[in-house]
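Here's the letter readout for the chains.
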Amino acid sequence: MIYMIKNRLKLILILFLSSCSIDLFEQFSYREIFIFYKGYIAGFDSDVISQEVFDKYEYSFANVKIGRGAASTVVLAYIRDGVYEWRSNDGITIYTYNGMIIETIGFQSDFKIDPFDVLDQSLEGNDFITYLEFKNPDLYRSKVNNRVFKHKTHNKIIDRLGGEINAEILSHSFRLPIIKWKGENQFYIYDERVIRSEQYIHPNMPVIKIDFYLK
């Protein structure tokens, strides 16, 4: 009976997705579509990095979740001028600057933004401008209005390597006037480092959550 119910749920989901606008599928790469579909069938269990798992890694790594999909791991390949280059085993490359995603390679909808330091206290509470570009659809270098400020809750207890830590939360609001896209990113700070980011990089993609584990 349970098997039959699961099959019916899968069939209903497939019919639902088939009836949706093709735009839904254009929002994700083929890898992301699989994660999206698998997530809704199997549920969205959280991926937890234990101290034992952390100790097994020789190099720094990060745990990446796209929307509510399954997590994957990227490993730190290089650090150049403060920019961290993270690579996955399936050809995805993510560049971060102090925990903020500034460029991606390998997604169907890649993006690139002028880097800035979310930890720079001189930026806090002030409006400033950067420039952004992305693909699919193509948007050439365009102005973004930014503001960094403390989140209304300021701090949050989060699980970390089998324990709990009290992380400070910084928010980054952005607005891209040319396409009327706006959103808010969150950065979790502990020991003067960004240990987690929740960031929107493209209007057709869900939030990307990254937990950083630096050696």
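See the structure above.
Residues numbered from 1 in each chain as written. Predicted model: local features only at pLDDT ≥ 70, side-chain atom pairs only at ≥ 80, totals over all residues. Heavy atoms only, no water.

## Focus: the overall build of the chain
For the chain, the count of helices and strands is four helices and 12 strands. The burial tally for the chain puts 37% of its 215 residues in the buried class. In the chain, the share of contacts with a sequence separation of at least 24, taken over all contacts with a separation of at least 6, comes to 40%. (Helix = DSSP H or I, 4+ residues; strand = E, 2+ residues; numbered from the N terminus. Buried < 20%, exposed > 50% of the residue type's maximum accessible area, 1.4 Å probe, protein only. Contact = heavy atoms within 4.5 Å.)

## So, the pattern of salt bridges
Throughout the structure, instances matching the rule amount to six salt bridges. Notably, a salt bridge pairs Arg80 with Glu85, separated by 3.3 Å at the nearest N-O pair. Residue classification places Glu85 among the buried residues on the basis of a relative accessible area of 6%. One connected set of salt bridges, linked through shared partners, spans Arg80, Glu85 and Arg87. (Salt bridge = Lys/Arg side-chain N within 4 Å of Asp/Glu carboxyl O.)

## Quick word on the pairing of strand β7 (residues 127–134)
Judged by which residues are buried, β7 turns out to be one-sided: Phe128, Thr130, Leu132 and Phe134 face inward and are buried, whereas Asp127, Ile129, Tyr131 and Glu133, on the alternate face, are not. Taken together, the three bridges between strand β6 (residues 111–113) and β7 define a ladder with antiparallel strand orientation. Its bridge partner lying in β7, Ile113 is registered against Leu132. Across seven bridges, β7 lies against strand β8 (residues 139–160) in antiparallel orientation. Bridge pairing links Tyr131 to Lys143 in β8. The loop that links β7 with its antiparallel partner β8 comprises four residues; one of these, Asn136, has a positive phi angle of about 55 degrees. (Pairing = 2+ DSSP bridges.)

## Focus on the side chain of Ser142
Position of Ser142 among the secondary structure elements: in strand β8. A polar atom in the side chain of Ser142 sits 2.6 Å from the backbone oxygen of Tyr140. Apart from residues no more than four positions distant in its own chain, Ser142 is found in contact with Thr130, Tyr131, Leu132, Leu176 and Ile178. (Polar contact = N/O pair within 3.5 Å; in protein donor to acceptor, adjacent residues only side chain to side chain.)

## Structural notes on the nonpolar core
Within the largest apolar cluster, 36 residues are counted, with the highest numbers of intra-cluster contacts made by Leu132, Ile208 and Ile210. For Ile210, the contacting residues outside a window of four places in its chain are Ala62, Asn63, Val64, Ile94, Ile101, Ile195, Arg196 and Ser197. In this structure, Ile158, Ala167, Ile169 and Ile195 belong to the second largest nonpolar core, which totals six residues. (Core = buried A, V, L, I, M, F, W, Y, C linked by side-chain atoms within 4.5 Å.)

## Observations regarding the pairing of strand β1 (residues 61–66)
Most of β1 sits out of view: six of its six residues are buried. Alternating residues of β1 divide into Phe61, Asn63 and Lys65 and Ala62, Val64 and Ile66, and every residue in both groups is buried. Strand direction decides the pairing type here: β1 and strand β12 (residues 208–213), joined by six bridges, are antiparallel. Bridge pairing in β12 links Asn63 to Asp211. Judged from the five bridges that link them, β1 and strand β2 (residues 71–80) form a sheet pairing that is antiparallel. Residue pairing for β2: Lys65 is matched across the bridge by Ala71. The turn linking β1 back onto β2 is made up of four residues, and Gly67 within it adopts a positive phi angle of 60 degrees.

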